[in-house]
Protein chains: 2
Amino acid sequence: MSVLAVSASASAAPVQVSDLLAKAPAADWRPIDPENTLYMDLPAGRVVIELAPAFAPNHVANIKALVRSGYFDDSAIVRVQDNYVAQWSAPEDRKITAGHDTLKAEFDKPIGPEPFVPLRDPDTYAPLVGFSGDFPAARDPKTNRTWLTHCYGMVGAGRDDGADTGGGKELYAVIGQSPRNLDRNVTLVGRVVQGMDLLSSLPRGPGDMGFYTKEGDKTVIRRVRVAADVPAAERLPLEALRTDSSTFKALVQSRRFRKEGWYKYSPGRIGVCNVPLPVRLKP
Amino acid sequence: MSVLAVSASASAAPVQVSDLLAKAPAADWRPIDPENTLYMDLPAGRVVIELAPAFAPNHVANIKALVRSGYFDDSAIVRVQDNYVAQWSAPEDRKITAGHDTLKAEFDKPIGPEPFVPLRDPDTYAPLVGFSGDFPAARDPKTNRTWLTHCYGMVGAGRDDGADTGGGKELYAVIGQSPRNLDRNVTLVGRVVQGMDLLSSLPRGPGDMGFYTKEGDKTVIRRVRVAADVPAAERLPLEALRTDSSTFKALVQSRRFRKEGWYKYSPGRIGVCNVPLPVRLKP
């Protein structure tokens, strides 16, 4: 049976990436901090989200406060728009008992001491792209600003028209072509590091912008927990490949210049949202 | 209920795009040629594919010959890899009764008289991108070559390691971040113009590269027909917005510079795979 190609996606690592990862020293992997990890349990399985406090400290703190108060338990995926986002929230009449209803936007921030591994490839949307804390990110050296980028699997905080109307009560994950027009317009709070397919394969909502129109069509979110609150023995020991590692550097190069016999042409370049960001269970 | 944003996707046109399209003169729409249209019927509904004979004349002719011989009837979606592709083919033991088993690759071609509407935004992968025959495309003026680009919804012909081992018996549609590394490595034969969500929301296959491991998990393709072979009264009168129209120009500009109050920042640029390519039923 003919196959198309090995994949450039993180979710199903192709042979060459697997080989690189198998050879990576343990130090090239970063344990994902349970204090910044969410377990979101759907009937079909678990979605794991790594939060990004370096870019959205207030939103991350707020989301954890909401999670710890049980705010997202028995909530639902309320919107799935094809080639765009899957979005979830609690029922509209649910009151918050911890945290804030809304927060000041954290769309971008001054370039600071946070790590940044630049990608030396041109980008349509930003002067400079790369990886910061192993999240896809961008920088504008002229204005001294940095922000996370809307790549596949990134999680953001929905909002109304006002910039400061988000806060984390309504969250979404990118399930299609990177909607980079949203960069600096939404507070990105993290990314899905496991179970992405549970969101991306949901039936698209029939309503405007992919909202479900019948309560029964929504996918229930049974509960959401901060991984640190789960007994240690029940936690998933996830590790992310460090983007400042030599393994990651080799990985990016192997995706720019494809050496597999299947490839007849190699662009010599890669987009920031096409770079795999491998995550594994600690061996 | 707070919503994330209006969409940049073609599949669920946001208000501003709808407004532009509602005002478009009839001449800004191009009827999609039934002779270059496939109806692929899944249990959940119909996927409609517009073929691209200007870029892949031999593959398109071959696919139509295969379709007309019933080759794809009672075939199946055999692979769905998250953030990558949904792929389909007939059972391995099925013999072809029309057309060719394999064909010479049609990865790219000399720049010729085909239309090309350039997009004046930088692209990571190609020297010049734009739209040709209302398909996303790229050009390299230095080498005088042009090719279609792997954007969401594009359909290509799977192949083995040899460049000339494809031909159209195995086809795939892009369901995630544009895998532009496949450009010039696969013969792109068209794009999904309706029913994309029927492919993108399929359960991901549990096997290597998203292949299904159990026959019963595959989605059946009941039949595939060339629209021209369907009685005229049963055809879908689909029209594509002409990418050389003033409406399309305004649409691209409206996506580069977002005027909606929701947007706080506008990049002033757009990626070739982020441009909506609207399709409608003729009013």
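Before any of the text, the structure's been laid out above.
As the structure is a prediction and not an experimental result, all values here were calculated from the model.

Draft legend 1. Structural context of empty space enclosed by the protein. On inspection of all chains with the given rule, the structure shows ten cavities of 30 Å³ or more. If you trace the largest cavity, you find 20 residues lining it, with A:Thr124, A:Gln177, A:Ser178, B:Thr124 and B:Gln177 closest to the centre. Residue composition of the lining of the largest cavity, by class: six nonpolar, ten polar and four charged.

Draft legend 2. Inspection of the state of the cysteines at higher detail. Residue and element names in this part refer to chain A. Applying the stated rule across the entire model yields two disulfides over all chains. In this model, cysteine 151 is linked to cysteine 273 through a disulfide, with the two sulfur atoms separated by 2.0 Å. Across the S-S bond linking cysteine 151 and cysteine 273, the dihedral sits near -75°, which makes this disulfide left-handed. In this pair, cysteine 151 sits in the loop between β10 (145–148) and β11 (154–157) while cysteine 273 sits in the loop between α4 (246–256) and β17 (279–281), placing the two residues 122 residues apart along the sequence. Judged by relative accessible area, cysteine 151 falls into the buried class, the value being 5%. For cysteine 273, a relative accessible area of 11% puts it in the buried group.

Draft legend 3. Molecular detail of helix α2 (residues 57–68) of chain B. All names here are of chain B. Over its twelve residues, α2 extends 16 Å from the first C-alpha to the last, a length consistent with the 16 Å expected when each residue adds 1.5 Å. Looking only at α2, the buried set comprises His59, Val60, Asn62, Ile63, Lys64, Leu66 and Val67. Packing partners of the buried residues in α2 comprise β2 (37–42), β3 (45–51), β11 (154–157), β12 (170–174), β13 (187–194) and β15 (223–226). The positive-phi residue at the C-terminal boundary of α2 is glycine 70, with phi of around 80°.

Draft legend 4. How the structure looks around the pattern of salt bridges. Residue and element names in this part refer to chain A. Overall, the coordinates contain 42 salt bridges over all chains when judged by the stated rule. In this structure, the salt-bridge partner of aspartate 229 is arginine 68, at a minimum N-O distance of 2.7 Å. One end of the pair, aspartate 229, is in the loop between β15 (223–226) and β16 (238–241); the other, arginine 68, is in helix α2 (residues 57–68), and 161 residues separate them in sequence. Residue aspartate 101 is joined to lysine 169 by a salt bridge in which the shortest nitrogen-to-oxygen separation is 2.6 Å.

Draft legend 5. Examining the side chain of B:Glu114 more closely. Residue and element names in this part refer to chain B. Residue placement: glutamate 114 occurs in the loop between β6 (109–110) and β7 (117–119). Residue classification places glutamate 114 among the buried positions, given a relative accessible area of 9%. Within the structure, glutamate 114 has its side chain in polar contact with the side chain of lysine 109 (distance 3.1 Å). A polar contact is formed between the side chain of glutamate 114 and the backbone nitrogen of glycine 112, at a distance of 3.1 Å. With sequence-adjacent residues up to four places away left out, glutamate 114 is seen in contact with Phe55, Lys109, Ser132, Arg139 and Thr146.

Draft legend 6. Up close: the relation of the copies chain B and chain A. Between chain B and chain A, the superposition needs a rotation of 180° and an axial shift of 0.0 Å, giving an RMSD of 0.0 Å. Such a turn and shift between the copies fits a two-fold axis. Comparing contact sets, 100% of the residues at the interface of chain B also lie at the interface in chain A, consistent with an isologous, same-surface contact.

Draft legend 7. Region of interest: the interface of chain B and chain A. Across the boundary between the two partners, chain B contributes 67 residues, which contact 67 residues of chain A. For the pairing of chain B and chain A, the buried interface totals around 5900 Å² over both sides, and the portion due to carbon and sulfur atoms is 53%. Summed over the shared surface of chain B and chain A, the result is zero salt bridges. The tally of links from chain B across to chain A stands at 29 residue pairs in polar contact (both at pLDDT 80 or more). Ranked by the residues each element gives to the side of chain B that touches chain A, the list is headed by helix α3 (residues 196–200) of chain B, at three residues.

Rules behind the numbers
- Residues numbered from 1 in each chain as written.
- Chains lettered and ligands numbered in written order.
- Predicted model: local features only at pLDDT ≥ 70, side-chain atom pairs only at ≥ 80, totals over all residues.
- Heavy atoms only, no water.
- 1 Å grid on protein atoms, 1.4 Å probe; cavity = no way out; pocket = protein on both sides within 12 Å on 5 of 7 lines; lining within 4 Å.
- Points joined across faces, edges and corners; volume = space filled by probe spheres on them.
- Nonpolar A, V, L, I, M, F, W, Y, C, P; charged D, E, K, R; others polar.
- Disulfide = S-S within 2.5 Å.
- Helix = DSSP H or I, 4+ residues; strand = E, 2+ residues; numbered from the N terminus.
- Buried < 20%, exposed > 50% of the residue type's maximum accessible area, 1.4 Å probe, protein only.
- Expected span 1.5 Å × (residues − 1).
- Contact = heavy atoms within 4.5 Å.
- Salt bridge = Lys/Arg side-chain N within 4 Å of Asp/Glu carboxyl O.
- Polar contact = N/O pair within 3.5 Å; in protein donor to acceptor, adjacent residues only side chain to side chain.
- Least-squares fit on C-alpha atoms with pLDDT ≥ 70 in both.
- Buried area = accessible area lost by both parts, 1.4 Å probe.

It is worth stressing that arrangement in space is one thing and function is another; only the former is reported here.
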